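Results of the structural survey
Chain by chain, the residues:
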Amino acid sequence: MNGKARQVMNVRSVVFTAAAVLVAIIAARADDRAIISRWYSALLVADRTELADLLADDVRIKLDDLGIVQSKQEFIASLDEWKGAVAGAAIRHRVEKSEGGVTTVIACYDFPDNDMLMQETFAVADNHITASSQAAIAENCEGY
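The residue numbers shown here count from 1 along each chain, following its written sequence. Only residues with pLDDT of 70 or above have their local features reported here, since the model is predicted, and side-chain atom pairs are shown and tallied only from 80 upward, although totals for entire chains, interfaces and linings are computed over all residues. Working from all heavy atoms in the structure, the side-chain values ignore hydrogens and water.

A few points about the sheet that holds strand 6 (residues 128–138)
Note the threshold: Two strands form a pair only when DSSP identifies at least two bridges running between them. Secondary structure elements follow DSSP: runs of H or I no shorter than four residues count as helices, runs of E no shorter than two count as strands, and numbering proceeds from the N terminus. The axes are straight lines fitted to the C-alpha atoms, using for helices just the contacting stretch, and the angles between their N-to-C directions are given from 0 to 180°.
Here six strands make up an open sheet; going across it, the order is 2-1-6-5-4-3 and the pairing mixed. Only two strands of the sheet have a single partner each, and these edge strands are strand 2 (68–70) and strand 3 (90–99). Taken over all neighbouring pairs, the strand axes of this sheet differ in orientation by 20° on average, direction set aside. Looking at chain direction, strand 3 and strand 4 (residues 102–110) are connected through nine bridges and run antiparallel. In the sheet register, Val95 faces strand 4, and the bridge partner there is Val105.

With respect to the side chain of Thr103
This is how it is decided: Under the rule applied, a polar contact is a pair of N or O atoms within 3.5 Å (in protein, one hydrogen donor and one hydrogen acceptor; residues adjacent in sequence only if both atoms are side-chain atoms). Should any heavy atoms of two residues lie within 4.5 Å, those residues are considered in contact.
Examined against the element boundaries, Thr103 turns out to sit in strand 4. Within the structure, Thr103 has its side chain in polar contact with the side chain of Ser98 (distance 3.0 Å). When residues no more than four places from it in sequence are discounted, the contact partners of Thr103 are Asp32, Ile36, Val95, Lys97, Ser98, Glu120, Thr121 and Phe122.

The analysis is restricted to geometry; functional conclusions fall outside its scope.
As structure tokens, then:
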């Protein structure tokens, strides 16, 4: 094989490797988005089983506005109260960005008597949410 042919083979190898890495990154982001969509669907109905399945055992959930950090067990235990609060509500969300295993979401919590616009971040690894934070960015969802 001459030098030119060897260069073509090397370029093809590099292009193939880069394409494979890109496909893997896109697939991981799609998986993260699917997990986050499952999260909001389960949160809307306070589905303990689904939420417990989505959360890593050592997850930390930070509720900035309340100054609370919850473990998985504490979060699941709080769902009885949440179920009453979310009755008749809707949750809309959109992914703002996703990089380095952290996804930032803008979510509108549309409760029957009020709504709130939130910024939420999710760290996802091995198909589980390993960390989450939530902070209000507006007292209504007009900016959604």
